[in-house]
Amino acid sequence: MKKVFTAKDIAELKLSGGSLPPDAILTPSAKEALSGGPQKTASAAANAGGESSSVVGRKEYTIPVKEYKWTPGGDPKTPQELEKFFFSPKIQELKKLIVDLGRRSYGKNYNDGNGGNFSVRVGDNIVLCTPTMISKGSMSADDMCLVDMDGNQLAGRRKRTSEVLAHLAIMKRQPMCKACCHAHPPHATAFAISGKTPPRCVNPETEIFIGQVGLADYGTPGTQKMADAVGECGVDHDCVFMVNHGVMTWAADIETAFWKMENVEAHCFTSMLAFQIGGPRKFSEKDARELVKIRDAMGMVNQENLKECGLCDSADEVRGCVCASKPPAQAPSAGYDCEAEKLVSKITNMIISELNK
Ligand SMILES: [Zn+2]
């Protein structure tokens with residue numbers, strides 16, 4: 001029976017010094033690999049596994065850039081220019097993505113009632129955002145709003161969300177922030193309304209994509225006071241727990257900001273379960289430092305200078321870091337309290353011994 005040879009088979013043949021059978025059928029990429037191929041080495045192709053036939057010939061793997069790019073100084077100014085921009089193909093595409101994220105977020109129970117909002121910076125002084133008083137599960141592209149960096153509405157048939165001020169407060173202070181996602185996912189919000197952050201050094205993915213969660217002091221939703229608290233905290237934290245409220249995540253693009261929301265909610269849920277069975281087990285600070293290196297290499301906001309934060313060696317590692325400029329009134333330790341458990345155990349033993357007398 002004739003055998004179909006892929007680029008991976010050719011690479012393995014080259015490595016082993018074997019030869020092709022005369023009736024071998026070659027895939028196009030196998031022919032390319034046999035003739036020397038565009039740039040891929042035999043060992044690299046062999047390491048590429050089952051994907052090799054489709055990747056041979058590429059110089060490197062790429063991840064699509066999802067960040068919205070604009071020309072500095074090129075913002076539309078007149079009402080006509082703004083209207084044209086608001087309905088341009090790129091903005092229409094972004095609106096549809098926000099609608100899709102709204103459905104996904106609502107479907108995951110992250111948005112009670114009309115809770116939560118999204119925003120994407122699309123110019124020096126222009127931000128696309130969701131409207132107020134709308135379920136995130138039933139938005140359409142026509143519902144989106146355009147505001148300037150002070151929150152003044154520029155376009156859209158619906159009124160913009162009042163909480164966009166908190167999004168803008170981060171964007172103004174942290175240039176890396178180009179998109180924000182705000183929601184009330186139940187487990188992460190349980191930590192937030194308790195003024196606590198989840199444990200560190202227990203989940204590698206969380207260490208890389210979230211790092212240290214920030215705590216922003218309470219402010220009435222939609223006010224500048226709340227916006228400033230979130231803005232201050234968001235400078236060094238791409239995930240902020242808004243005390244007595246919910247969660248804000250930010251990134252260079254809105255999809256990644258939403259992924260962070262999923263990451264932190266999953267981490268809080270898992271941590272709560274782990275607390276109930278006596279965990280979580282922590283990995284070492286050395287292990288954590290390796291993850292911090294990966295985080296830095298991925299271009300996440302650097303948290304090395306956070307004086308109030310630590311990794312596994314911190315006495316307050318479970319409590320987490322409270323933003324120094326605006327500490328919430330109380331931020332007691334979350335979950336399992338070792339000393340309290342010892343005391344309960346001691347008292348229980350004393351009662352049992354008394355009963356046994
Ligand atoms: Zn909210």
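One can find the structure itself at the top, above this paragraph.
Figured I'd write up the structure that's included with this text. (Residues numbered from 1 in each chain as written. Predicted model: local features only at pLDDT ≥ 70, side-chain atom pairs only at ≥ 80, totals over all residues. Heavy atoms only, no water.)

### Quick notes on the coordination of the zinc ion
Argument step 1. Protein ligation of the zinc ion involves His 182 (NE2), His 184 (NE2) and His 245 (NE2), the donor distances falling in the range 2.0 to 2.3 Å.
Argument step 2. When the donors of the zinc ion are listed by position in the chain, the intervening gaps give H-x1-H-x60-H. With His 184 in the loop between strand 7 (179-183) and helix 8 (186-193) and His 245 in the loop between strand 9 (239-242) and strand 10 (246-251), the pair connects residues that are 61 residues apart, well separated along the chain.
Argument step 3. Judged by its relative accessible area of 17%, His 184 falls in the buried class. (Donors = N, O, S within 2.8 Å, 3.2 Å for Na, K, Ca; no water. Helix = DSSP H or I, 4+ residues; strand = E, 2+ residues; numbered from the N terminus. Buried < 20%, exposed > 50% of the residue type's maximum accessible area, 1.4 Å probe, protein only.)

### Examining the pairing of strand 3 (residues 117-121)
Argument step 1. Counting buried residues along strand 3, 5 of its 5 residues qualify, which places the element largely inside the surrounding structure.
Argument step 2. Residues Asn 117, Ser 119 and Arg 121 line one face of strand 3 and the alternating positions Phe 118 and Val 120 line the opposite face, and both faces are buried.
Argument step 3. In the sheet, strand 3 pairs with strand 7 via 4 bridges, with the strands oriented antiparallel. Note on strand 7: the bridge partner recorded for Asn 117 is His 182.
Argument step 4. The pairing of strand 3 with strand 4 (residues 127-129) spans 3 bridges and is classified as antiparallel. In the sheet register, Ser 119 faces strand 4, and the bridge partner there is Cys 129.
Argument step 5. The antiparallel pairing of strand 3 with strand 4 creates a hairpin that spans 5 residues between the two strands. (Pairing = 2+ DSSP bridges.)

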